[in-house]
Amino acid sequence: MLKSKLIHPKIMGALALCGHGDRILIVDGNYPLDSASNINATKVYLGLEAGTPTVTKVLKVLKTAINIEEVTVMSPDEGEVEPEIFDDFREVLPDNILQKIDRFKFYEEAKYSDNIKLAISTGELRTYGCLILTVGIQQG
């Protein structure tokens, strides 16, 4: 029996194939994962019901399995209020700065970046609950 927090076999397998610089897409339940993520990425649909699991919950578990070098988030248009979910991202990843890019650039990154190796859809309901994690190097 596994002792780690992460026990999802498909996610574990995809993470095992990731190396430094590969990327992981985690999105809310509204994101069109099938049409707006790299065709070669392993796709995992975790949404059990509206709101479950949240992007933050998935992020907390993934953080126990990988080193995260960079975090890219889908940012609202200029003049819009920053989404509250960004505070949750900062709380889970206090050592990472959120790299903000606009929605359309985010979609392009998610769909056309060859190094998106894993794409996870959640049941998250909060807007702008989408991020791309860059896998870091293993520490000592």
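Given the structure is predicted, the values throughout are model-derived calculations rather than measurements.

Visitor: Sorry if this is basic, but what is going on with the overall build of the chain here?
Guide: Scanning the chain from terminus to terminus reveals four helices and six strands. Along its sequence from the N terminus, the chain presents helices and strands in the succession α-β-β-α-β-α-β-α-β-β. For a compact globule of 140 residues, the expected C-alpha radius of gyration is about 14 Å, and the chain comes in at 14 Å, within 12% of that figure. For the C-alpha atoms alone, the extent of the chain along its principal axes is close to 50 × 35 × 30 Å. Contacts spanning at least 24 positions in sequence make up 86% of the contacts within the chain whose residues lie at least 6 apart. For the chain, the exposed area adds up to about 7900 Å²; of that, 51% sits on carbon and sulfur atoms.

Visitor: Before we go on, may I ask you to explain the environment of methionine 74 in this structure?
Guide: As for its placement among the helices and strands, methionine 74 is situated in strand E3 (residues 68-75). Residues methionine 74 and tyrosine 107 lie 33 residues apart in sequence; the distance between their C-alpha atoms is 8.6 Å. Once you skip the residues sitting within four places of it in the chain, methionine 74 turns out to touch Tyr31, Phe86, Ile101, Arg103, Phe106, Tyr107, Tyr128 and Cys130.

Visitor: When you look at helix H3 (residues 85-92) in this model, what are you seeing that I'm missing?
Guide: The α-helix advances 3.6 residues per turn, and as a result positions three or four apart in sequence lie on the same side. Within H3, the full set of buried residues consists of Ile85, Phe86, Phe89 and Val92. Buried residues in H3, looked at end-on, bunch into an arc of 120°, giving them a common side. Residues of H3 that are buried in the fold lie against helix H2 (55-63), E3, strand E4 (98-102) and strand E6 (131-135).

Visitor: I would appreciate a short explanation of the sheet that holds strand E2 (residues 42-45) in the present structure.
Guide: One open sheet holds the six strands; their spatial order is E2-E5-E1-E6-E3-E4, and the pairing between them is mixed. Each edge of the sheet is formed by a strand with only one pairing partner; in this case those strands are E2 and E4. This sheet shows a mean twist of 20° between the axes of neighbouring strands, independent of strand direction. Across four bridges, the pairing between E2 and strand E5 (residues 116-121) is parallel. Bridge pairing in E5 links lysine 43 to alanine 119. Where helix H1 (residues 9-16) meets the sheet, its contacts fall on strand E1 (23-27), E2 and E5, and the angle it forms with E2 comes to roughly 155°. Sitting on the sheet, helix H4 (residues 103-112) is in contact with E1, E3, E4, E5 and E6, with an inclination near 105° to E4.

Visitor: So what exactly am I meant to see when it comes to unusual backbone geometry here?
Guide: A negative phi holds for most residues other than glycine; trans holds for most peptide bonds. Cis geometry is adopted by the peptide bond preceding proline 53, which originates at threonine 52 and carries an omega value of -10°. The topology assignment puts proline 53 in the loop between E2 and H2.

Visitor: Just to check I follow, could you spell out the environment of valine 81 for this structure?
Guide: By the element assignment, valine 81 lies in the loop between E3 and H3. On the basis of relative accessibility, which here comes to 73%, the residue valine 81 falls in the exposed class. Residues valine 81 and valine 58 lie 23 residues apart in sequence; the distance between their C-alpha atoms is 24 Å.

Visitor: Help me understand the side chain of serine 113 in this model?
Guide: By the secondary structure assignment, serine 113 is in the loop between H4 and E5. When near neighbours in sequence (up to four residues on either side) are disregarded, serine 113 contacts Arg23, Asn38 and Glu108.

Visitor: For this particular structure, what's the right way to read the packing of aromatic side chains?
Guide: Two numbers describe a pair of aromatic rings. These are the distance of the centres and the angle of the planes. Considering all chains together, one arrives at three aromatic pairs under this definition. When the ring of tyrosine 31 is compared with that of phenylalanine 106, the centres are 6.3 Å apart and the planes differ by 80°; the resulting orientation is edge-to-face. With tyrosine 31 in the loop between E1 and E2 and phenylalanine 106 in helix H4, this pair connects stretches of sequence that are 75 residues apart. Grouped by ring-pair contacts, the aromatic residues Tyr31, Phe106 and Tyr107 constitute a single cluster.

Conventions and cut-offs
- Residues numbered from 1 in each chain as written.
- Predicted model: local features only at pLDDT ≥ 70, side-chain atom pairs only at ≥ 80, totals over all residues.
- Heavy atoms only, no water.
- Helix = DSSP H or I, 4+ residues; strand = E, 2+ residues; numbered from the N terminus.
- Rg over C-alpha atoms; globule rule 2.2 N^0.38 Å.
- Contact = heavy atoms within 4.5 Å.
- Areas by Shrake-Rupley, 256 points an atom, 1.4 Å probe, with all protein chains shown as cover.
- Buried < 20%, exposed > 50% of the residue type's maximum accessible area, 1.4 Å probe, protein only.
- Arc of directions from axis to C-beta.
- Pairing = 2+ DSSP bridges.
- Axes fitted to C-alpha atoms, helices over the stretch in contact; angles between N-to-C directions.
- Phe/Tyr/Trp six-rings, centres within 6.5 Å; stacked < 30°, edge-to-face > 60°.

Geometry only, nothing functional implied.
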